[in-house]
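Structural characterization, general
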Amino acid sequence: MEIRAALFLWLLLSSSAATKLVQLSTSDLVAEPCHSNVTLRCNVSQEAGLKVSSLFWIRKRDNKTLCAVQQTGLKSHDGHRIRCSYTPPAQLALTFTHLWPTDRGDYICKLRSNRGIKNNTSKVAVEECYGKVYTDYSPSKVGCHFHGVYPRGEVHWFHRGKNVTSDSTAADPGDPNPKGMYNVSSTLRTKGDPNEYNCSLWIPGAKTYLASVLVHGSERGTRLAGRGQAVSVHIVGLGWLLILAGVLIV
C-alpha cells in the first residue's frame, strides 16, 4: 500500500513539474476603441519533447470556442468579423477585424499537450468611440447625428463661443444596438442666423469630447461630416476642443 501511495505521489509531482515547464504567453489586457482591428495572440513555449494536441481561444462569458487547432487543423467558430490564424508550431491568433463593445470581456487560451492542460486569460476592454457623424441644416435649424457611439453620449452645441445646448432638442438614444453602440442626435433652432455652429460629442462617463463638427447655418441639406476620429475639414482640431472644454468649466 505504501509503495502504491509513493508511486502515485511521484506521478502526480512529475506531471505537475512537466506542466510548469510549458509556458503560455498572452496579453493581460488589450484596450482599443471600438471599430478598431484587434488581435489576441497565444504563444506556446518551445520545450523539448512537447507535443501539442489542441489549442483554443474561448470566450469566457458563454464558454464559446472561437478558435480551435486540433489534429484536423484550424477551425473558426464565428463569422467573418472574428478570424483565427495559426502559425506552427504553436501560435494561435484571434482577430476582431471590427471591434464591438459587446466584445469586451475575458478570453481564455487553452492548451492541451502531452504535458497536461494549461490556461491563460486575456481581457479585452473597449474604449470610447464613434463611427460616423452626419449634419443637416436649413434656414431655421441645424442638426448633428453621431452613429456608432460608445458608451452613451450627448451632443453639446456652441455658437460664437457660447454654450447654447439648452436651446437644442436631443433625441432619446434608447437602448444600444446589438453591437452595443448608440446613435446620438440633436437639433438646434438657428433663428435665421447664417453663421457657423459647433456640435460636439460629449461622453459623460469619460468626461471627454470625442469629436467636434462645424455646421453652417446658411446651407441646406444633409451630409456625412466625418468618420471615426479621423480629422477632416469638417472636424475641429484639438485646440478648439480644449477651448470648448474651458468654456464649459467656466
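Calculation rules
- Residues numbered from 1 in each chain as written.
- Predicted model: local features only at pLDDT ≥ 70, side-chain atom pairs only at ≥ 80, totals over all residues.
- Heavy atoms only, no water.
- Core = buried A, V, L, I, M, F, W, Y, C linked by side-chain atoms within 4.5 Å.
- Buried < 20%, exposed > 50% of the residue type's maximum accessible area, 1.4 Å probe, protein only.
- Helix = DSSP H or I, 4+ residues; strand = E, 2+ residues; numbered from the N terminus.
- Contact = heavy atoms within 4.5 Å.
- Polar contact = N/O pair within 3.5 Å; in protein donor to acceptor, adjacent residues only side chain to side chain.

Before going further, it helps to examine the nonpolar core. Judged by nonpolar contacts, the single largest core of 29 residues is most densely connected at Leu40, Val44, Leu55, Trp57, Leu94, Phe96 and Tyr107. Those elements giving two or more residues to this core turn out to be strand 3 (38–44), strand 4 (52–59), strand 5 (64–70), strand 7 (82–87), strand 8 (91–96), strand 9 (105–113) and strand 10 (116–127). With four residues, strand 3 is the largest single contributor of residues to this core. Residues in contact with Val44, not counting those within four places in the same chain, are Val22, Gln23, Leu24, Leu50, Leu55, Ala90 and Leu111. Core analysis: the next-biggest nonpolar cluster, separate from the first, contains 21 residues, Phe146, Trp157, Leu201 and Val215 among them.

Turning to the side chain of Arg81, a few remarks are in order. Counting through the fold element by element, Arg81 comes out in the loop between strand 6 (73–76) and strand 7. Judged by relative accessible area, which is 13%, Arg81 ranks as buried. Within polar-contact distance, the side chain of Arg81 engages the backbone oxygen of His98 at 2.8 Å. What Arg81 contacts, discounting residues up to four positions off in sequence, is Thr95, Phe96, Thr97, His98, Leu99, Trp100 and Asp103.

The next subject is the environment of Asp193. In this fold, Asp193 is placed in the loop between strand 16 (182–189) and strand 17 (196–203). For Asp193, a relative accessible area of 16% corresponds to the buried category. Sequence separation between Asp193 and His216 is 23 residues, and the spatial gap between their C-alpha atoms is 9.6 Å.

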